[in-house]
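# Chain and residue survey
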Amino acid sequence: MPRLPEEEHPNKAFGWAARDSSGVLSPFKFSRRATGEKDVAFKVLYCGICHSDLHMVKNEWGTSVYPLVPGHEIVGEVTEVGNKVQNFQVGDRVGVGCLVGSCRSCGNCKDDLENYCPKTILTYGAKYYDGTTTYGGYSDTMVADEHFIVRIPDNLPLDAAAPLLCAGITVYSPLRYYGLDKPGLHIGVVGLGGLGHVAVKFAKAMGVKVTVISTSPNKEKEALENLGADSFLISRDQDQLQGASGTLDGIIDTVSAQHPVLPLLGLLKSHGKLVLVGAPEKPLELPVFPLLQGRKVVGGSLIGGLKETQEMIDFAAKHNVKPDIEVISMEYVNTAMERLAKADVKYRFVIDIGKTLKATS
């Protein structure tokens, strides 16, 4: 893999990286590329921890390249802009999500759906145009083409904004695309974790009635009282499922573990839509007759394009949609990963890079 000479990567950076599939992160010095004419460089202040970070540091998807600096929920303050940058200036509050590159010329890119471009470049663990490996936001600085930079409104706290760049757009996009954002509709949200709790908040802000569907009875109070859901279903309780049969216009399924979809299809009205945004490692069993009998749809959705991501951030700021977060220090990151593996977080870890990364250098 060709690499540019060191003088073309003059921006010294510091972060934490995994060196192998043990998944243990430790301090790591590296270089960011020089700020190009269309690039925006920014000081990283916060970075969210996504469940995909956990998969990647342990190479559970078989695609990891080490050393690996995770993080694709990155927010901070602009420190430098290239001479052809049009939309950002030094001091702006900005963020980078899951993407830092795409071909910019295919049909998807032209339709502002860079997330479905076959040549998408991920924010970390991928090859950039110059042949170097991309490094994520568990680091003190970030450089990206301005097309892949999102502006963070002043009234949205940066720490809370970070998880929106992945978890937020992952649930916002299907609500919009599948038409489940209309006031008066009734949707279900399966799973009350990092994705699910944000889905509830966005749907409620859109004026939609929300039922949380969970295997955990102890989450009912949280769903109804803290997150504002309208009702709660225990997915293993046949009486509850029967009582709610045919009542939902759509379902956002955020669960990444193996689980049955037949009970969910039974909850849908005719023409209802079951949208999968979780990524189970093994194929789910899909019964066909319930689809035929109600002209029901099973679909999927993967993050969103940059235009829609900006729209989502602006919507969150306008309607005060903020993820529930636990802010941690950089030195706590390995413990946080262990807790995340046990689903021991409400509901998203965010690393305070700005205040705690320097202390480790």
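Quick summary incoming for the structure in this document. (Residues numbered from 1 in each chain as written. Predicted model: local features only at pLDDT ≥ 70, side-chain atom pairs only at ≥ 80, totals over all residues. Heavy atoms only, no water.)

## Some details on a nonpolar patch on the surface
Selection criterion: Patch membership is restricted to residues that have no salt bridge and whose relative accessible area is over 30%. Joining uses 9 Å for like charges and 5 Å for the nonpolar side chains Val, Leu, Ile, Met, Phe, Trp and Tyr. Accessible surface is estimated by sampling points in the Shrake-Rupley manner with a 1.4 Å probe; for residues, cover comes only from the protein chains shown. Any carboxyl oxygen of Asp or Glu that lies within 4 Å of a side-chain nitrogen of Lys or Arg is treated as forming a salt bridge with it. Relative accessible area decides the class of each residue, using a 1.4 Å probe on protein chains only: under 20% of the type maximum gives buried, over 50% gives exposed, and in between gives partly exposed.
On the surface, Leu113, Tyr116 and Leu302 cluster together into a nonpolar patch covering about 250 Å² of accessible area. We classify Leu113 as partly exposed; its relative accessible area is 30%.

## Focus on the packing of helix H4 (residues 167–177) against helix H10 (residues 306–319)
Definition in use: Axis definition: a line fit to C-alpha positions, over the contact stretch in the case of helices; interaxial angles, taken between N-to-C directions, run 0 to 180 degrees. Secondary structure is summarised from DSSP: a helix means a run of H or I of at least four residues, a strand means a run of E of at least two, and numbering begins at the N terminus for each. Here the angle decides the label: under 35 degrees means roughly parallel, over 145 means roughly antiparallel, 65 to 115 means roughly perpendicular, and every other value means oblique. Here, residues are in contact when the closest pair of their heavy atoms is within 4.5 Å. When residue character is reported, Ala, Val, Leu, Ile, Met, Phe, Trp, Tyr, Cys and Pro are called nonpolar, Asp, Glu, Lys and Arg charged, and the others, Gly included, polar.
Running from N to C, H4 and H10 cross one another at 100°; their axes reach a closest spacing of 10 Å. Viewed along their axes, H4 and H10 adopt a mutual orientation that is roughly perpendicular. Residues Gly168, Ile169, Tyr172, Ser173 and Arg176 of H4 pack against Glu308, Thr309, Glu311, Met312 and Phe315 of H10. Residues of the contact of H4 with H10, tallied by class, amount to four nonpolar, three polar and three charged.

## A short note on the pairing of strand E5 (residues 93–96)
Our working definition: Should DSSP find at least two bridges between two strands, the strands are regarded as paired.
Taking every second residue as pointing to the same face, both faces of E5 are buried, with Arg93 and Gly95 on one and Val94 and Val96 on the other. In this structure, strand E4 (residues 74–81) lies alongside E5, joined through four bridges in antiparallel fashion. Note on E5: the bridge partner recorded for Val75 is Gly95. Sheet analysis places E5 next to strand E9 (residues 150–151), joined by two bridges and oriented antiparallel. Considered in E9, the bridge of Val94 is made with Arg151.

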